[in-house]
Amino acid sequence: MKNIKISFLRSSIAVKHLFVNLLLTPIIITLTTNTPTSSAMNLFENYSLSTVEMIRDNGYEVEVHHVITADGYILELHRIPRSKAGQEPTRNHPVFIHHGILGTSADWVLAGAAMSLPMQLADAGYDVWLANCRGNTYSRKHISMTYKQKAFWNFSLHEVGKYDLPASIDYILAIANTSQLHYIGYSMGSCVFFIMGSERPEYQPKIRSQISLAPVAFLSNTRSSLRFMAPYAKMLNIVYQRMWKGMFMPQSNMQKFLASTICRERITQRMICEKCIIFSVCGSDPYHFDTKLIPLIMGHFPAGTSANLAAHFAQFILKDTFGQYDYGRAMNLRHYNSTEPPTYDLKSIRVPITLIYGENDILADTTDVMKLKAQLPMVVDAFPAKSPYFNHVDFLWSSRVAEQINDPVKEILQKTDDLGWTYTGPAATATAVDAVVPVVSQPPIQILQLNPLSGTVNLAPSLEFFAENLDAIIASTMPRPVDERDVAVFELEREQQRLLFGGVIRFAQAAEKKYGQLREEITNEISGWADDVATGAESRVKQTAVLVNGKIAFAGHSVAGAVGKAEHFVVGGVGKAEQTVVVGIGKAQNYVSYGLNKADRAVNGALNATVGRVGRVLWFWK
């Protein structure tokens, strides 16, 4: 029965993917028809550039390095060893920069030198290294496995923090011939650093300073649409394990093709790529997000990870704790000797840390960032980006990222890179986990409760759920207005969301209904065919039984006759053998008697001759 359910699920997902592709096909055809072939191909090639190619195109030297982790994964690091003018590093410590979930080193450089933090740090005299964690486009190799094996994808955030970061840090320090480095982590990049700091405390002295951009550890207050998928993460993980061996959202050629077509045109770019993909997960910045980058972003993102890692993030949303991967109560006993996974000890991290967050970041909510700050004992500073509209992806791709993020980061590094600098902040203590954390007063957010249909196994929220709660979901994920002008702008944004997602839901419902009808028709056809086959098979089985019984009876008679003949043959053979033995014994007895008589005569003759010789010798002596 379990196999039947999985088989049906595979068919269901495949059909839904087919309907989506059919929906997009007219748009793709229209766009590619209106675009010259050579132009479309050039666009495709541009969106296919690797990190190394993009860095070189911006005039910087770049090196590729490979690092092997303790558990055998081969990671690819990208290094910018000199400034654009070719100047060697002048700073005291290298800088190690880590990407977010489903990202790569390409995220930091695709916007060009005017917005790229790594390139600007290289020009500021730093030796810059870009990470690529296991499973993404650049780190899909292992010393004994291939990425096509299920075991390759058996990792979560825990392994990235415990193995990937230490291996990369040791390698960078060895190449740079220094004892410390600066670490900059964006989103997941900050999360895995906190895991390393907790699980591998011996690496804390190797970190000169740490800067967390859009920091992620606690996620229970997130307003992202991911909150509505989190309760189904475990079931979805099972699906990915069964169907794709645990691989989650890898980079594909179709993704790059869509980046060069749908995400290039202004209307579809805004309505599909920005609204559907970016807005619902990371929030919307109506003023400063650089929409021109969307085709480039879609050409490189998502870049793949494991389903376990995605489920680990969902766990943070559901449990309001920052802990190790939850295998389930039974398996937790085997892994942790406890029914609940242990939490990471943030209070043990003695590293100077700076937190920079966005006030309009619906993924890394300010409340969760303040809770993280309260548990870190050595916070140098914690401040929001200057723009109150800054969302999660603005840390990479805002049109104002240079002044809002890059310049403050350079100021922090310039201070902490000085050999005479030491941490002089508050005493190395942290607030208790359950302490009340003060945050900026903000409008209350309606927290929706998911109510799956009873009596059914739901792998994801139903279409009916989204249709009924669409307005509330959109309101939850909308950015907070800052002044009066935002009211009209955000209301227009809300209406666009309502029209777009409402249309998508209605289409999906119609497609699901058609699929149900089609499935029922096919099921009836298969049932009729199966009945015919069963009837014919029963008749053939009876005919075969009669034939087999006849063959068995015939074989029985043949065997009985053969046994009788064999018995007569054996009896006759035994009689002949007995006669032969008797005759042989008689002949042997005669032969023995003749031999004995002949031997007696020979012995008597020899004795007589000997006696005669002895008698002649005695006569001679006399």
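Keep in mind the model is a prediction, meaning the values are calculated, not measured.

Chemist: Explain the overall build of the chain to me, using residue names and the numbers behind them.
Modeler: Assigned secondary structure in the chain consists of 19 helices and 11 strands. Put simply, the chain has 622 residues, and 44% of those count as buried. Considering only intrachain contacts with a sequence separation of at least 6, the fraction spanning at least 24 residues in the chain is 80%.

Chemist: Could you give an account of the packing of aromatic side chains, with specific residues and numbers?
Modeler: The description of two aromatic rings rests on the distance between their centres and on the angle between their planes. One pass over the structure, following the stated rule, counts 18 aromatic pairs. Between the aromatic rings of Tyr240 and Trp244, the centroid separation amounts to 5.1 Å while the plane-to-plane angle is 40°, which identifies the pairing as tilted. Placement of the pair is Tyr240 and Trp244 together in helix α8 (residues 233-244), with a separation of 4 residues, close to one helical turn. Residue classification places Tyr240 among the partly exposed residues on the basis of a relative accessible area of 21%. Using a relative accessible area of 32% as the deciding quantity, one classes Trp244 as partly exposed.

Chemist: So, empty space enclosed by the protein: which residues are in play, and what are the values?
Modeler: Going through the model one piece at a time under the given rule, you end up with 4 cavities of 30 Å³ or more. For the largest cavity, the calculated volume is near 50 Å³. Lining the largest cavity are Asp107, Trp108, Met115, Ser116, Leu117, Leu213, Phe395, Leu396, Val401 and Asn406. Considering only residue class, the lining of the largest cavity consists of 7 nonpolar, 2 polar and 1 charged.

Chemist: Tell me what's going on with the nonpolar core, and back it up with residues and numbers.
Modeler: Core analysis: the biggest nonpolar cluster contains 57 residues, and Phe96, Leu157, Phe193, Phe194, Phe322 and Leu376 have the highest contact counts within it. Where this core is concerned, the elements lending two or more residues are β2 (73-80), α5 (157-176), β6 (181-186), α6 (188-199), α12 (307-319), β10 (353-357), α14 (366-375) and β11 (379-384). Phe96 has contacts with Leu77, Trp129, Leu130, Ala131, Leu165, Ser168, Ile169, Ile172, Leu181, His182, Tyr183 and Ile184, leaving out every residue within four places of it along the chain. Judged by nonpolar contacts, the second largest core, of 43 residues, contains Leu117, Leu121, Ile211 and Val401.

Chemist: Outline the pattern of salt bridges, listing residues and values.
Modeler: Should their charged atoms come close, side chains of opposite charge can pair. On inspection of all chains with the given rule, the structure shows 15 salt bridges. With a closest N to O distance of 2.9 Å, Arg79 and Asp127 form a salt bridge. You can see Arg79 sitting in strand β2 and its partner Asp127 sitting in the loop between α4 (117-123) and β4 (128-130), a full 48 residues away along the chain. Both residues of the pair, Arg79 and Asp127, count as buried. Between Glu403 and Arg400 there is a salt bridge whose closest N-O contact spans 3.2 Å. Classification of Glu403 by relative accessible area gives partly exposed; the value is 41%. Residues joined in a network through salt bridges with shared partners are Lys234, Lys319, Asp326 and Glu340.

Chemist: Outline the packing of α5 against α6, supporting the account with residue identities and numerical values.
Modeler: Two numbers describe how α5 lies on α6: the axes approach to 8 Å, and their chain directions differ by 80°. For the element pair α5 / α6, the angle class is roughly perpendicular. For the pair α5 and α6, the contacting residues are Leu157, His158, Val160, Gly161, Leu165, Pro166 and Ile169 in the first and Met188, Cys191, Val192, Phe193, Ile195, Met196 and Glu199 in the second. A per-class count over the contact of α5 with α6 returns 11 nonpolar, 2 polar and 1 charged.

Chemist: Now, about the pairing of strand β3 (residues 95-98): what can you tell me, with residues and values included?
Modeler: By the alternation rule, side chains of β3 split into Val95 and Ile97 and Phe96 and His98, which are all buried. Relative to β4, β3 runs parallel, the two sharing 3 bridges. Within the sheet, the bridge partner assigned to Phe96 lies in β4 and is Trp129. Handedness of the crossover joining β3 and β4 through α4 is recorded here as right-handed. Pairing geometry for β3 and β6, over 4 bridges, is parallel. The residue bridging Phe96 from the neighbouring strand is Tyr183, located in β6.

Chemist: Explain the pairing of β10 to me, using residue names and the numbers behind them.
Modeler: Here β10 lies mainly inside the structure; 5 of its 5 residues are buried. Neither face of β10 is left uncovered, since the one carrying Ile353, Leu355 and Tyr357 and the one carrying Thr354 and Ile356 both have all their residues buried. Here strand β7 (residues 207-213) pairs with β10 via 4 bridges, running parallel. Directly across from Ile211, in β10, lies its bridge partner Thr354. Inspection of the sheet shows β10 paired to β11 by 5 bridges, in the parallel sense. Within β11, the residue paired with Ile356 across the bridge is Phe383. Between the parallel pair β10 and β11, the chain is carried across by α14, and the sense of this crossover is right-handed.

Chemist: Lay out the side chain of Arg200 with the relevant residues and their values.
Modeler: Structurally, the position occupied by Arg200 is in the loop between α6 and β7. For Arg200, the side chain forms a polar contact with the main-chain oxygen of Lys162, separated by 2.6 Å. A distance of 2.8 Å separates a polar atom in the side chain of Arg200 from a polar atom in the side chain of Glu202. Excluding its chain neighbours within four sequence positions, the residues that come into contact with Arg200 are Lys162, Pro166 and Ile195.

Cut-offs and rules
Residues numbered from 1 in each chain as written. Predicted model: local features only at pLDDT ≥ 70, side-chain atom pairs only at ≥ 80, totals over all residues. Heavy atoms only, no water. Helix = DSSP H or I, 4+ residues; strand = E, 2+ residues; numbered from the N terminus. Buried < 20%, exposed > 50% of the residue type's maximum accessible area, 1.4 Å probe, protein only. Contact = heavy atoms within 4.5 Å. Phe/Tyr/Trp six-rings, centres within 6.5 Å; stacked < 30°, edge-to-face > 60°. 1 Å grid on protein atoms, 1.4 Å probe; cavity = no way out; pocket = protein on both sides within 12 Å on 5 of 7 lines; lining within 4 Å. Points joined across faces, edges and corners; volume = space filled by probe spheres on them. Nonpolar A, V, L, I, M, F, W, Y, C, P; charged D, E, K, R; others polar. Core = buried A, V, L, I, M, F, W, Y, C linked by side-chain atoms within 4.5 Å. Salt bridge = Lys/Arg side-chain N within 4 Å of Asp/Glu carboxyl O. Axes fitted to C-alpha atoms, helices over the stretch in contact; angles between N-to-C directions. Parallel < 35°, antiparallel > 145°, perpendicular 65-115°, else oblique. Pairing = 2+ DSSP bridges. Right-handed = clockwise from strand over helix to strand, strands pointing away. Polar contact = N/O pair within 3.5 Å; in protein donor to acceptor, adjacent residues only side chain to side chain.

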